[in-house]
Amino acid sequence: MQSVFEPTVFATTFMTLLVIQDPLGAIPIFLSLTSRQTPAERAASARQATVVSFGVILLFAVFGRYILKFLGISVPSLQVAGGLLLLLVALELLTDKADENPDPDAVTSNAALVPLGTPLLAGPGAIVAAMVAVDATGGGVAGWVSVTAAIIGTHIVVWISLRFSLGLNRVLGTSGIRILTRVMGLLLAAIAVQIMADGVFAFLETRL
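Residues numbered from 1 in each chain as written. Predicted model: local features only at pLDDT ≥ 70, side-chain atom pairs only at ≥ 80, totals over all residues. Heavy atoms only, no water.

Draft legend 1. Spotlight on the overall build of the protein chain. The helix and strand inventory of the protein chain stands at eight helices and zero strands. For the protein chain, the α and β elements follow one another from N to C terminus as α-α-α-α-α-α-α-α. The C-alpha radius of gyration of the protein chain comes to 17 Å, within 12% of the 17 Å expected for a compact globule of 208 residues. By principal-axis analysis of the C-alpha atoms, the protein chain measures approximately 60 × 35 × 35 Å. Counting over 208 residues, the protein chain shows a buried share of 42%. Considering only contacts within the protein chain whose residues lie at least 6 apart along the sequence, 90% involve residues at least 24 apart. Summing over all exposed atoms, the protein chain offers an accessible surface of approximately 10,800 Å²; the carbon and sulfur share of this is 70%. Taking the average location of the 11 positive side-chain charges in the protein chain and that of its 12 negative ones, the two points are 5 Å from each other. (Helix = DSSP H or I, 4+ residues; strand = E, 2+ residues; numbered from the N terminus. Rg over C-alpha atoms; globule rule 2.2 N^0.38 Å. Buried < 20%, exposed > 50% of the residue type's maximum accessible area, 1.4 Å probe, protein only. Contact = heavy atoms within 4.5 Å. Areas by Shrake-Rupley, 256 points an atom, 1.4 Å probe, with all protein chains shown as cover. Lys, Arg positive; Asp, Glu negative; His and termini not counted. Charge placed at Lys NZ, Arg CZ, Asp CG, Glu CD.)

Now the structure itself:
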């Protein structure tokens, strides 16, 4: 009997998305954007941002292959391009180039949608990673179940991080969050290089 769940695909996709979305690193930004909100409003913003991010990533995971087919883009090409994009995201995490001090005065009432939900959480890196994960599984039932479970799992972690952001910020502190962000950036760089290498080898196989 064929399994309907692939633990390796789930673990790889879960870790990749978790590192890219970096929920702990998003805590200072989230607190800054919601600094003028009441606790109830902040909880609602955390929920809305998570739902928006989940919807955007799942949408591209489902329809990404059709977009690729329409544009005539191969999976290996997407892997190489996605790896490069993830490497840039990793470099931002490692070099502290991300905007961690947005101006609360410039934030609109729908901050949970933009920029929290997207592009902070559901950015290009996470979208490409989800599309690559789905295409790498070949579109089978087990692959879909595993990738979808990974997307759900990462967003549960994202919601918990944002929902209890004040407490986590007190426990970890700014320095702790920065250290964890650097570690995640290093892991993401390694993941990006592996994705690019797989894409190059797959591309060469199709040409030989």
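After that view, the rundown keeps rolling.
Draft legend 2. View of the packing of helix α1 (residues 7-21) against helix α7 (residues 141-163). One way to put it is that α1 packs onto α7 with a least axis distance of 8 Å and a crossing angle of 35°. The handedness of the crossing between α1 and α7 comes out as right-handed. The residues of α7 that touch α1, namely those facing Val9, Phe10, Thr13, Phe14, Leu17, Leu18 and Gln21, are Ser146, Val147, Ala149, Ala150, Ile151, Gly153, Thr154, His155, Val157 and Val158. When grouped by side-chain class, the residues that make up the contact of α1 with α7 number 11 nonpolar, six polar and no charged. (Axes fitted to C-alpha atoms, helices over the stretch in contact; angles between N-to-C directions. Left-handed = near helix turned anticlockwise from the far one by under 90°. Nonpolar A, V, L, I, M, F, W, Y, C, P; charged D, E, K, R; others polar.)

Draft legend 3. Region of interest: the side chain of Ser165. Relative to the assigned elements, Ser165 resides in helix α8 (residues 165-207). Among the residues examined, Ser165 registers a relative accessible area of 1% and is labelled buried. Discounting chain neighbours no more than four positions away, the residues touching Ser165 are Ile27, Phe30, Leu31 and Arg42.

Draft legend 4. Expanded view of the environment of Val132. Within the secondary structure, Val132 sits in helix α6 (residues 124-136). Residues Val132 and Leu78 lie 54 residues apart in sequence; the distance between their C-alpha atoms is 6.9 Å. For Val132, the residues in contact, after removing those within four places along its chain, are Leu78 and Gln79.

Draft legend 5. Seen up close, the environment of Leu24. Within the secondary structure, Leu24 sits in helix α2 (residues 23-33). Its relative accessible area of 18% is what places Leu24 among the buried residues. Along the sequence, Leu24 and Ile177 sit 153 residues apart, while their C-alpha atoms lie 6.3 Å from each other.

Draft legend 6. Representation of a nonpolar patch on the surface within the structure. A surface patch of nonpolar side chains, about 760 Å² in accessible area, is lined by Leu59, Phe63, Tyr66, Ile67, Phe70, Leu71 and Ile73. With respect to the helices, strands and loops of the structure, Ile67 is situated in helix α3 (residues 39-71). Classification of Ile67 by relative accessible area gives partly exposed; the value is 36%. (Patch = residues over 30% accessible without salt bridge, like charges linked within 9 Å, V, L, I, M, F, W, Y side chains within 5 Å. Salt bridge = Lys/Arg side-chain N within 4 Å of Asp/Glu carboxyl O.)

Draft legend 7. The arrangement of the UniProt feature "transmembrane region" (unreviewed entry) in the protein chain in detail. Mapped onto the present numbering, the UniProt feature "transmembrane region" (unreviewed entry) falls at residues 12-33, 45-64, 70-91, 112-134, 140-162 and 183-204. Structurally, residues 45-64 is divided into 100% helix and 0% strand, and its ends, taken at the C-alpha atoms, are 27 Å apart. The span residues 183-204 is 100% helix and 0% strand, and its two end C-alpha atoms sit 32 Å from each other. (UniProt positions renumbered as here; feature names shortened; annotations may be inferred.)

Draft legend 8. Spotlight on helix α5 (residues 112-121). Turning to α5, its buried residues number three or more, namely Ala112, Leu116, Gly117 and Leu121. Taken down its axis, α5 places every buried residue within 85° of arc, on the same side. Residues of α5 that are buried sit in contact with α1, α2, α3, α6 and α7. (Arc of directions from axis to C-beta.)

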